[in-house]
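# Structural description and commentary
So you can see what is in the structure, the chains are spelled out below.
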Amino acid sequence: MQTTNSKPFAPVALVQAQQYDPALIDRAVERLLELLNIPGEWFCGKRVLIKPNLLMRRQPQEATTTHPLLIKSLADWLYRAKAAQVIIADSPGGLYTPAALRGIYQTCGMQQAAEQSGAVLNFDVGYQTVSAKDACICREFNLIHPVVQADLILSVGKLKTHCMTGLSGGVKNLFGCIPGLQKPQMHYRFQNTGDFCSMLVDLAQTVAPVLTIIDAVDPSYGCEDATDGDTADSNANSDDSSAEGSATDDANAQDSKASTGSSTDPKYIRQCKAAASSDSSQDSAKADAANGDSGDASGNDQTDSGK
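### Quick look at the overall build of the protein chain
If you tally the helices and strands in the protein chain, you get ten helices and twelve strands. Buried positions account for 59% of the 307 residues belonging to the protein chain. Taking contacts inside the protein chain between residues at least 6 apart in sequence as the whole, the part at least 24 apart equals 75%. For the protein chain, the exposed area adds up to about 12000 Å²; of that, 45% sits on carbon and sulfur atoms.

Here is the structure:
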């Protein structure tokens, strides 16, 4: 896991996409990365991990998992930027085995996205213990091999509400970096909601994705399963459609901004509150970066400098 040396772009950008149309999603991704001033040079010669939300075997139209068109578009962009390899990996709920992954990849559309883009699907189910960075509550994490082995990580979550954290977006998506049935163990260790969300903030700082993108074209409103994190019975709504992204240092700002798009006050997003508490103790204000005013960049695009 590596980070880039400089991040000259605005913390949060939003681009509208009214439906999952290949050409429309491609244009949205291009515009999004343009608004964020993401240089392709970052990825040249790098092993890049795309980490989607693949909770369970659900069809893309059920709005439970990250849509494969977004993953394909990002993989295409990365290969145009001369990435050495693009890997698609997640540890879904339940067993973390090659057979389980194969079924989820096929049902969620990731197999087709990989075949069309040249990305590689992960079947390595090993993990490594990694010391946490600037930990508040959790000093180390067991992380799946593709996370540890990647040069750069793109976290591509799905906008959903969540019974425990309030929102499943950028930060919560990284819970899938913990292997299989070890995730319920983490719930058992951190049964208090505040402690669990502080653990998620520690995890996000440790994984440190270079870019966080949220698939919000069809967001899910409903109660996510608190034992593993994602919606079992989703209620898709595409009336206010967008795809949005933020820089790694502002993953909490991403969730704060995304919460306003889902008509949820950021103060009720518990991992944002945990991040704010952690940042206060470290003289930082990362979690507050999305509280500034947004302005139209062009058309339906928006950037939020957080200043």
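### Looking at the pattern of salt bridges
Across all of its chains, the model carries six salt bridges by this definition. Salt-bridge contacts for Arg 31 lead to Glu 34; the nearest nitrogen and oxygen are separated by 3.2 Å. Of this pair, Arg 31 and Glu 34 both sit in helix H1 (residues 22-35), three residues apart, which is roughly one turn of the helix. Residue Asp 215 pairs with Lys 158 through a salt bridge whose shortest N-O separation is 3.3 Å. In this pair, Asp 215 is assigned in strand S9 (residues 211-220) and Lys 158 in strand S7 (residues 152-162), connecting sequence segments 57 residues apart. The buried category is assigned to Lys 158, whose relative accessible area is 1%.

### Considerations on the pairing of strand S3 (residues 85-88)
Looking along a regular strand, one sees side chains alternate from face to face of the sheet. Strand direction decides the pairing type here: strand S2 (residues 47-52) and S3, joined by four bridges, are parallel. Looking at the pairing, Arg 47 lines up with Gln 85 of S3. Since S2 and S3 lie parallel, the crossover through helix H2 (residues 68-80) that links them has a hand, and here it is right-handed. One ladder, built from two bridges, connects S3 with strand S4 (residues 120-121); its direction is parallel. Looking across to S4, one finds that Ile 87 is bridged to Val 120.

### Details of the environment of Leu 181
Note on placement: Leu 181 falls in the loop between helix H6 (170-173) and helix H7 (182-189). When the C-alpha positions of Leu 181 and Ser 91 are compared, they lie 9.3 Å apart, and in sequence the two are 90 residues distant. Those residues in contact with Leu 181 that lie beyond four places of it in its chain are Gly 94 and Leu 95.

### Let's talk about the nonpolar core
Among the nonpolar cores identified, the biggest contains 71 residues, and Phe 43, Leu 78, Phe 141, Leu 143, Leu 154 and Met 199 are the most heavily contacted of them. Top element by residues in this core is H2. It accounts for seven residues. The contact partners of Leu 154, leaving out residues within four places of it in the chain, are Phe 43, Val 48, Leu 49, Ile 50, Lys 51, Leu 74, Leu 78, Val 210 and Leu 211.

### Notes on the packing of H1 against H2
For the pair H1 and H2, interaxial distance at closest approach is 9 Å and the crossing angle is 55 degrees. One finds that H1 runs oblique with respect to H2. Between H1 and H2 the crossing geometry is right-handed. Each of Pro 22, Ile 25, Asp 26, Val 29, Glu 30 and Leu 33 in H1 lies in contact with H2, whose residues at this interface are Leu 69, Leu 70, Ser 73, Leu 74, Trp 77 and Arg 80. Counted by class, the contact of H1 with H2 contains eight nonpolar, one polar and three charged residues.

### Considering the environment of Ala 23
Positionally, Ala 23 belongs in helix H1. Judged by its relative accessible area of 38%, Ala 23 is partly exposed.

### So, the packing of aromatic side chains
Here the structure, examined in full by the defined rule, presents four aromatic pairs. Aromatic pair Tyr 105 and Phe 123: ring centres 5.4 Å apart, planes at 85 degrees, arrangement edge-to-face. Pair noted here: Tyr 105 is in helix H3 (residues 98-108) and Phe 123 is in the loop between S4 and strand S5 (127-131), with a separation of 18 residues, a long-range link. Accessibility expressed as a relative area gives 1% for Tyr 105, which makes it buried. Between the aromatic rings of Phe 175 and Phe 196, the centroid separation amounts to 5.4 Å while the plane-to-plane angle is 80 degrees, which identifies the pairing as edge-to-face. In this pair, Phe 175 sits in the loop between H6 and H7 while Phe 196 sits in helix H8 (residues 193-207), placing the two residues 21 residues apart along the sequence. Phe 196 shares its class with Phe 175; the two are buried.

### Considering the confidence of the model for the protein chain
When the pLDDT values of the protein chain are averaged, the result is 77; 66% of them are 70 or greater. Per-residue pLDDT stays below 50 along residues 244-249; that stretch engages in 34 contacts with residues further than four places along the chain or on separate chains. With pLDDT under 50 throughout, residues 257-299 is counted as low confidence; its partners more than four residues away or in other chains account for 96 contacts.

About the criteria used
- Residues numbered from 1 in each chain as written.
- Predicted model: local features only at pLDDT ≥ 70, side-chain atom pairs only at ≥ 80, totals over all residues.
- Heavy atoms only, no water.
- Helix = DSSP H or I, 4+ residues; strand = E, 2+ residues; numbered from the N terminus.
- Buried < 20%, exposed > 50% of the residue type's maximum accessible area, 1.4 Å probe, protein only.
- Contact = heavy atoms within 4.5 Å.
- Areas by Shrake-Rupley, 256 points an atom, 1.4 Å probe, with all protein chains shown as cover.
- Salt bridge = Lys/Arg side-chain N within 4 Å of Asp/Glu carboxyl O.
- Pairing = 2+ DSSP bridges.
- Right-handed = clockwise from strand over helix to strand, strands pointing away.
- Core = buried A, V, L, I, M, F, W, Y, C linked by side-chain atoms within 4.5 Å.
- Axes fitted to C-alpha atoms, helices over the stretch in contact; angles between N-to-C directions.
- Parallel < 35°, antiparallel > 145°, perpendicular 65-115°, else oblique.
- Left-handed = near helix turned anticlockwise from the far one by under 90°.
- Nonpolar A, V, L, I, M, F, W, Y, C, P; charged D, E, K, R; others polar.
- Phe/Tyr/Trp six-rings, centres within 6.5 Å; stacked < 30°, edge-to-face > 60°.
- pLDDT = per-residue confidence, 0-100.

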